[in-house]
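Single-letter residue listing:
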Amino acid sequence: MTSRKLNKLNVLVYTGTGSTLESVRHCIYSLRRLLSPNYAVIPITETAILKEPWAPTCALLVFPGGADLGYCRVLNGPGNRNIAQYVRRGGAYLGFCAGGYYGSQRCEFEVGNASMEVVGSRELGFYPGICRGGAFKGFEYHSERGARAADVRVRKEGFDGDGELPEVFKCYYNGGGVFVDAEKLAGEGAEVDILAEYEGDLDVESGEVKAAMVYCKVGEGAAILTGPHPEFDAVNLGRHSDLPEYEKLIEELAADEPSRTTFLKACLTKLGLEVSRGTAVPSLSKLHVSSIHHNEVGELLHSLDDIITKEDGDEYIKGENDLFHLEKPESRWDLTSLSRALQSELERPRISPSRGSPDPTTNYSHIPKRIVSHETAWPEPKETPYFNHAVYYSSLRQSREQNPGAEEWGDVLMYGEVVTSTNTLLEKNHKLLSHLSTGFTLAATTQVAGRGRGSNVWVAPPGSLIMSTVINHPAHLASTRPIVFIQYLAAIAIVEAIKTYDVGYEDFPVKVKWPNDVYVRDPNNSDSVTYVKVAGILANCSYTAGNYQVVLGIGINTNNARPTTSLDAVIPLMSNKDSLQPFKIERLLARLLARLEVLYGEFVKGGFSKGLEEKYYRYWLHSNQVVTLEAEGGVRARVVGITRDWGMLKAEEVTEGGINGALRGTGRVWALQSDENSFDFWRGLVKRKI
């Protein structure tokens, strides 16, 4: 590997003034998947472009969709000089939609439309001509009404005739431009390659060729500018009840997903980047620590003093499983620090896709986890585009007002967009865990090595609520308040958080499946009422200083309809569906933590009381269900409840011979432990775990 590649480890995505949150999300999501583990995909604002030494470590600078006038307002002059100098000296620029307008010599947008017209020269001028739009009519700011799945024809000669590229593919479009007279400019000596053309008629004049995406040689560097959005992945597009055709748009984009990905990889390769092979697991993101009260972040760091080590001016926590790098604001652009942080990831063993998928947990423990402490303000929304901290903390305050007894859980939050596993990061690093107080919560958008019961491992997609919270359960209570009940409390809390999410959600069809799953009515079955899994619970336990430290992990499919279903997908089944809004993960997390804190408080005071037991039965799926006990030779038994001492499933043997052929109980009862048995609900089978 060359020193140049080692030095340029960052892909910087502009998230400052002018960019939109939706475009930032799609951009970071796709780039992390296509460039992992070779680069760190990092948000950057105008402040950094103007004042920080970002260029030496930057392999690619990306400007996403938005409004390019915002870019001009904060970057014209010094900012654009920094960008142009970076590219001309060998850097790479990738501009999607608004970033494409911004990278052209002149922008002409909605000419003649008094309310939307934007016309003027642009300082970067990577494309030596006009970017004119919208290529198709119908664009509205902050709306999907003008969106479409545009047909794009690939110019393979722009990629040296790459035979693997698709001929035509569907690409998300919403307001982008066309690069006017690109063929003519190339013929006049401009170093411009047309990478793709729009199919069909446009609503603006384009010249001889309808250039949708272009490559421009700029000094020793290069730029790729696009009108449509090849970075938009259908999996991240939400449904719009007011736009009936939008569902078709999502389906068309999803069908062409492999072609879109292949094309985007080819673009990145043409800019000199090393893309991943196959479908990559996304690279790990930073972990952001914040608190409802800003001073508590400093207090937490102070409490960790005895486990923090210093090397070459940097601070680390060397956990048993992971190495945590405590990042300082002044070290963010330090080349040595960045190289050291990523070098172990670059050297991570890889497995060829043709030889099967690698174990998602392989060697992740060797990659430093970078922690950013926010001691004076919460992270800005574009710094964590999938999680709005202001919404979370305001929802937490509101949830506490509605849940007397909820006072502390969730005060301090660690959030990472992409993590290995929230449970692993806490439970496998005992040195760190032993310093964390009850209610400390780690949340994530994506897990690349998520853990289930036993040895189950998976990559959790965006759209899920993923969290782990710490519960320090006093050891002297373990005999009368057994830890096994915490998973039952969590199941109740999930159901109640959903039903109290807001006015109108009280009848949401959500149920508990023993021992640690939550189900909702299946929106894909219109023939009958059936239920499908939407949430899971995993509790890990260790002992320290008189407490059983429980790391309680919860995952809820909230906005992601795949691979099974989600809470949002169930809303159309509700009689009051028109008045219900999609779930916000931040708000649901706040509701969940408040309910958990209250229920755990009740449990500590009175054990798994009659009141808690009644709540559990109110929500569970199994009342009077007849099952087959595989380990007992196929005996048929009726589920009658759980034991209040150790939380085991109670099932009474039944035989035929009751009145009118009904089953009758024999009086023989089994108590089944959750860690030894699994419950196949739909087959009515309780079987011994292997």
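Definitions and limits used
Residues numbered from 1 in each chain as written. Predicted model: local features only at pLDDT ≥ 70, side-chain atom pairs only at ≥ 80, totals over all residues. Heavy atoms only, no water. Buried < 20%, exposed > 50% of the residue type's maximum accessible area, 1.4 Å probe, protein only. Helix = DSSP H or I, 4+ residues; strand = E, 2+ residues; numbered from the N terminus. Pairing = 2+ DSSP bridges. Salt bridge = Lys/Arg side-chain N within 4 Å of Asp/Glu carboxyl O. Core = buried A, V, L, I, M, F, W, Y, C linked by side-chain atoms within 4.5 Å. Domains from an automatic or database assignment. Contact = heavy atoms within 4.5 Å. Phe/Tyr/Trp six-rings, centres within 6.5 Å; stacked < 30°, edge-to-face > 60°. Lys NZ or Arg CZ within 6 Å of the ring centre and 35° of its normal. Arc of directions from axis to C-beta. Axes fitted to C-alpha atoms, helices over the stretch in contact; angles between N-to-C directions. Left-handed = near helix turned anticlockwise from the far one by under 90°. Nonpolar A, V, L, I, M, F, W, Y, C, P; charged D, E, K, R; others polar. Expected span 1.5 Å × (residues − 1).

A. Structural detail: the pairing of strand β26 (residues 547-557). Of all 11 residues in β26, eight are buried; the element is thus mostly enclosed. Of the pairings in the sheet, the one linking strand β22 (residues 464-474) to β26 comprises 11 bridges and is antiparallel in character. Paired with H473 across the bridge in β26 is Y548. Hairpin connection, strand β25 (residues 531-544) to β26: the antiparallel pair is bridged by two residues, and A545 has positive phi, about 50°.

B. Geometry of the pattern of salt bridges. Counted according to the given criterion, the structure contains 28 salt bridges. Of the charged contacts, one joins R153 and E199 as a salt bridge, the two residues approaching to 3.1 Å between their closest N and O atoms. Of this pair, R153 sits in strand β8 (residues 148-154) while E199 sits in the loop between β11 (192-198) and β12 (211-218), and the two are 46 residues apart along the sequence. Given the relative accessible area of 32%, E199 is considered partly exposed. In this structure, E157 engages R155 in a salt bridge whose closest nitrogen and oxygen atoms are separated by 3.6 Å. Salt bridges sharing partners connect three or more residues here, namely R155, E157, E183 and E197.

C. Spatial organisation of the nonpolar core. Counting 73 residues, the largest nonpolar core has F508, I554, L592 and Y616 as the members making the most contacts within it. Ranked by residues supplied to this core, first place goes to helix α15 (residues 485-499) with 12 residues. Both of domain 2 (287-349 + 361-618) and domain 3 (622-688) provide at least three residues apiece to this core. With near-sequence residues (within four places) excluded, Y616 lies in contact with Y488, A491, I492, V512, W514, P515, F608 and I642. Of all hydrophobic cores here, the second largest spans 44 residues; its members include I28, F136, V178 and L268.

D. Structural view of the environment of D181. Relative to the elements of secondary structure, D181 occurs in the loop between β10 (177-179) and α7 (182-187). Placed 26 residues apart in sequence, D181 and G207 show a C-alpha to C-alpha distance of 4.7 Å. When residues no more than four places from it in sequence are discounted, the contact partners of D181 are Y127, S206, G207 and E208.

E. Examining the packing of aromatic side chains more closely. On inspection of all chains with the given rule, the structure shows 37 aromatic pairs. Each ring, one from Y501 and one from F583, has its centre 4.6 Å from the other, and the planes form 50°; the classification is tilted. Within this pair, whereas Y501 is found in the loop between α15 and β23 (510-513), its partner F583 is found in the loop between α16 (567-570) and α17 (585-606), the two being separated by 82 residues in sequence. With respect to burial, Y501 and F583 carry one shared label: buried. Counting every residue linked through ring pairs, the aromatic cluster contains F485, Y488, F603, F608, Y616, Y617 and W620. The aromatic ring of Y29 is capped on one face by R33, whose charged end is 3.6 Å from the ring centroid.

F. Representation of unusual backbone geometry in the model. Between G133 and the following residue, G134, the backbone shows a cis peptide bond with an omega angle of -10°. If you trace the backbone, G134 turns up in the loop between β7 (127-133) and β8. Cis peptide bonds are those with omega within 30 degrees of zero, and the linkage from W514 to P515 qualifies with 0°. Structurally, the position occupied by P515 is in the loop between β23 and β24 (517-521). In this structure, H142 is a non-glycine residue whose phi angle is positive, near 55°. You can see H142 is positioned in the loop between β7 and β8.

G. Inspection of the environment of D160 at higher detail. Structurally, D160 can be placed in the loop between β8 and β9 (168-173). Among the residues examined, D160 registers a relative accessible area of 73% and is labelled exposed. Between the alpha carbons of D160 and K270 there is a distance of 9.6 Å; along the sequence they are 110 residues apart.

H. Representation of helix α8 (residues 246-255) in the model. By the burial criterion, the buried members of α8 are Y246, L249, I250 and L253. Buried residues of α8 fall within an arc of 95° about the axis and therefore sit on the same side. Against the buried residues of α8 lie β8, β9 and α9 (257-270).

I. Layout of the packing of α15 against helix α18 (residues 610-619). Packing of α15 against α18 brings their axes to within 10 Å, and their N-to-C directions diverge by 60°. Crossing handedness for the pair α15 and α18: left-handed. Contact residues: α15 offers Y488, L489, A491, I492, V495, E496 and K499, while α18 offers L612, K615, Y616 and Y619. Partitioned by chemical class, the residues of the contact of α15 with α18 number eight nonpolar, no polar and three charged.

J. Spatial organisation of the packing of helix α12 (residues 389-402) against α17. Two elements in contact, α12 and α17, have axes separated by 8 Å at closest approach and are oriented at 35°. When the axes of α12 and α17 are compared, the crossing they make is right-handed. Side by side, α12 and α17 meet where V391, Y392, S395, L396, Q398, S399 and Q402 of the first sit next to E586, R587, L589, A590, R591, L593 and A594 of the second. Split into classes, the residues belonging to the contact of α12 with α17 amount to seven nonpolar, four polar and three charged.

K. Examining helix α2 (residues 21-35) more closely. Here α2 contains 15 residues, and its C-alpha end-to-end distance of 21 Å stays within 8% of the 21 Å for a straight helix at 1.5 Å per residue. Summarising burial for α2: 12 of the 15 residues are buried, a large majority. Residues of α2 that are buried: S23, V24, H26, C27, I28, Y29, S30, L31, R32, R33, L34 and L35.

L. Spotlight on the pairing of strand β13 (residues 221-226). The buried fraction of β13 is high, at six of six residues. Both faces of β13 are covered, namely the face carrying G221, A223 and L225 and the face carrying A222, I224 and T226. The pairing of strand β4 (residues 92-96) with β13 spans five bridges and is parallel. Bridge pairing links F96 to T226 in β13. Strand direction decides the pairing type here: β12 and β13, joined by six bridges, are antiparallel. Across the sheet, M213 pairs through a bridge with T226, a residue of β13. What sits between the antiparallel neighbours β12 and β13 is a turn of two residues, in which G219 has the positive phi angle 60°.

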